[in-house]
Amino acid sequence: MPIYQKPTSDSARLAFLQEAKITAIADIAAGNPSISQATLDAITLFLPGFAEEIEAISITLTGREKEVRERNKAFATLETYLRDLWAGLVRRVHRQKEPAEVFTFYQLPLSGVMPQHLSKAEYLNIAKDVVRGDAHAVGAGYTPMSNPTVLELNAIIQSAEAEFDDVAVADRDYDIAQEVVASSRTVAEDFIQEVMDELRFALRKKEASSQRRIMRSYGATYTFVEGEPEDA
């Protein structure tokens, strides 16, 4: 037996109600209503705001994806600059026979081995410490780093930090949009249930296949058991 499937996404709920509105208007105009005018009026009033809320989710999600992409690009650049600086430091220490403790100014162990698998926040914090460490190293009589310099690294840090903050703002905007839709989602589900209840009552004397055909025109969907013949 075909089984009615409730809409499970906001876009599906919106599509159901939009289709129900269009069909109800036509049926009422033809003098053959299957749902009440009051229900149609309530859905008509509700739909524009619900559609805008769903669109806001799409817009804020797109904005978040853009910020995440830009953040990832900025942090990839930061990683490159930081590792290039470390690589230059390792070569300089070995070339100039500097003591291993020089590495500690730049957040490296005495072995000079670069850390692996750092998070974005770790890269950001370590890079800031490297900038400060270079000043301490110079104060201790060592040559400042070059290629890249800490000034160049600091510019990359500021860019990465700004992108990091932009993602946080975009996350919050997306969360707010989700919260707004969540409050309307229950209303949409109630309207869908009301449409189905009214349809079932209005169509109760028709054959089951005719009921489903009309309900589909109002946005309802059905699933069939494997091998079961579908309605014409």
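First, a word on scope: everything that follows refers to the structure included in this document. These numbers come from a predicted model, not from an experiment. (Residues numbered from 1 in each chain as written. Predicted model: local features only at pLDDT ≥ 70, side-chain atom pairs only at ≥ 80, totals over all residues. Heavy atoms only, no water.)

## Some thoughts on the pattern of salt bridges
Turning to step 1, where the next piece is worked out: On inspection of all chains with the given rule, the structure shows 12 salt bridges.
Turning to step 2, where the next piece is worked out: Taking the shortest distance from any N to any O, the salt bridge between Arg185 and Asp10 comes out at 2.7 Å. Placement of the pair is Arg185 in helix 5 (residues 150–202) and Asp10 in helix 1 (residues 10–29), with a sequence separation of 175 residues.
Turning to step 3, where the next piece is worked out: Note on Asp10: relative accessible area 13%, which makes it buried.
Turning to step 4, where the next piece is worked out: Linked by salt bridges that have partners in common, Asp10, Arg13, Arg185 and Glu189 make up one network. (Salt bridge = Lys/Arg side-chain N within 4 Å of Asp/Glu carboxyl O. Helix = DSSP H or I, 4+ residues; strand = E, 2+ residues; numbered from the N terminus. Buried < 20%, exposed > 50% of the residue type's maximum accessible area, 1.4 Å probe, protein only.)

## A closer look at unusual backbone geometry
Turning to step 1, where the next piece is worked out: Cis geometry marks the peptide bond from Asn147 to Pro148; its omega dihedral reads 5°.
Turning to step 2, where the next piece is worked out: With respect to the helices and strands, the residue Pro148 is situated in the loop between helix 4 (120–139) and helix 5.
Turning to step 3, where the next piece is worked out: The phi torsion at Lys97 lies on the positive side, around 55°, for a residue other than glycine.
Turning to step 4, where the next piece is worked out: The topology assignment puts Lys97 in the loop between helix 2 (37–95) and helix 3 (102–105).
Turning to step 5, where the next piece is worked out: If you check the backbone angles, Gln107 has positive phi at about 65° while not being a glycine.
Turning to step 6, where the next piece is worked out: For Gln107, the location among the structural elements is in the loop between helix 3 and helix 4.

## Points about the packing of helix 2 against helix 4
Turning to step 1, where the next piece is worked out: Viewed as axis vectors pointing N to C, helix 2 and helix 4 meet at an angle of 45°, and their least axial separation amounts to 10 Å. Classed by the angle they form, the pair helix 2 and helix 4 counts as oblique. Crossing handedness for the pair helix 2 and helix 4: left-handed. Together, Arg71, Asn72, Phe75, Leu78, Glu79, Leu82, Arg83, Leu85 and Trp86 of helix 2 and Lys120, Tyr123, Leu124, Ile126, Ala127 and Val130 of helix 4 make up the contact between the two elements.
Turning to step 2, where the next piece is worked out: Split into classes, the residues belonging to the contact of helix 2 with helix 4 amount to 10 nonpolar, one polar and four charged. (Axes fitted to C-alpha atoms, helices over the stretch in contact; angles between N-to-C directions. Parallel < 35°, antiparallel > 145°, perpendicular 65-115°, else oblique. Left-handed = near helix turned anticlockwise from the far one by under 90°. Contact = heavy atoms within 4.5 Å. Nonpolar A, V, L, I, M, F, W, Y, C, P; charged D, E, K, R; others polar.)

## Some points on the nonpolar core
It is characteristic of soluble globular proteins that their nonpolar side chains tend to be buried jointly.
Turning to step 1, where the next piece is worked out: In terms of nonpolar packing, the biggest core is built from 29 residues, with Phe16, Leu17, Val195, Met196, Leu199 and Tyr218 touching the most fellow members.
Turning to step 2, where the next piece is worked out: When contributions to this core are tallied by element, the ones reaching two or more residues are helix 1, helix 2, helix 5 and helix 6 (208–217).
Turning to step 3, where the next piece is worked out: Considering every element that reaches this core, the biggest residue donor is helix 5, with nine residues.
Turning to step 4, where the next piece is worked out: Not counting chain neighbours up to four residues away, the residues in contact with Leu17 comprise Ile43, Phe46, Leu47, Ala188, Phe191 and Ile192.
Turning to step 5, where the next piece is worked out: Counting residues in hydrophobic clusters, the runner-up holds 27 residues, among them Leu89, Val131, Ala137 and Leu153. (Core = buried A, V, L, I, M, F, W, Y, C linked by side-chain atoms within 4.5 Å.)

## A few points about the environment of Phe46
Turning to step 1, where the next piece is worked out: In this fold, Phe46 is placed in helix 2.
Turning to step 2, where the next piece is worked out: Placed 138 residues apart in sequence, Phe46 and Ser184 show a C-alpha to C-alpha distance of 9.1 Å.
Turning to step 3, where the next piece is worked out: Beyond its immediate chain neighbours, meaning those up to four positions away, Phe46 contacts Leu17, Ser184, Val187, Ala188 and Phe191.

## Overview of the packing of aromatic side chains
In this description, an aromatic ring pair is defined by two values, namely the gap between the centres and the angle between the planes.
Turning to step 1, where the next piece is worked out: If you walk through the whole model with that rule in mind, you get five aromatic pairs.
Turning to step 2, where the next piece is worked out: Seen in terms of ring centroids, Phe46 and Phe191 are 5.4 Å apart; in terms of plane orientation they differ by 55°. Their pairing is tilted. Taken together, the residues Phe46 in helix 2 and Phe191 in helix 5 connect sequence positions 145 residues apart. Like Phe46, the residue Phe191 is buried in the burial classification.
Turning to step 3, where the next piece is worked out: On the numbers, 6.1 Å between centres and 55° between planes, the contact of Phe105 with Tyr142 is tilted. Within this pair, whereas Phe105 is found in helix 3, its partner Tyr142 is found in the loop between helix 4 and helix 5, the two being separated by 37 residues in sequence.
Turning to step 4, where the next piece is worked out: Residue Phe105 is classed as partly exposed on the basis of its relative accessible area of 23%.
Turning to step 5, where the next piece is worked out: Under the relative-accessibility criterion, Tyr142 is labelled partly exposed at 22%.
Turning to step 6, where the next piece is worked out: Every member of this aromatic cluster is reached through a ring pair, and the members are Phe46, Phe50 and Phe191. (Phe/Tyr/Trp six-rings, centres within 6.5 Å; stacked < 30°, edge-to-face > 60°.)

## So, helix 1
Turning to step 1, where the next piece is worked out: With 20 residues, helix 1 extends 29 Å between its outermost C-alpha atoms, agreeing within 8% with the 28 Å of an ideal straight helix rising 1.5 Å per residue.
Turning to step 2, where the next piece is worked out: Along helix 1, the residues classified as buried are Asp10, Arg13, Leu14, Phe16, Leu17, Ala20, Thr23, Ala24 and Asp27.
Turning to step 3, where the next piece is worked out: Residues of helix 1 that are buried in the fold lie against strand 1 (3–5), helix 2, helix 5 and helix 6. (Expected span 1.5 Å × (residues − 1).)

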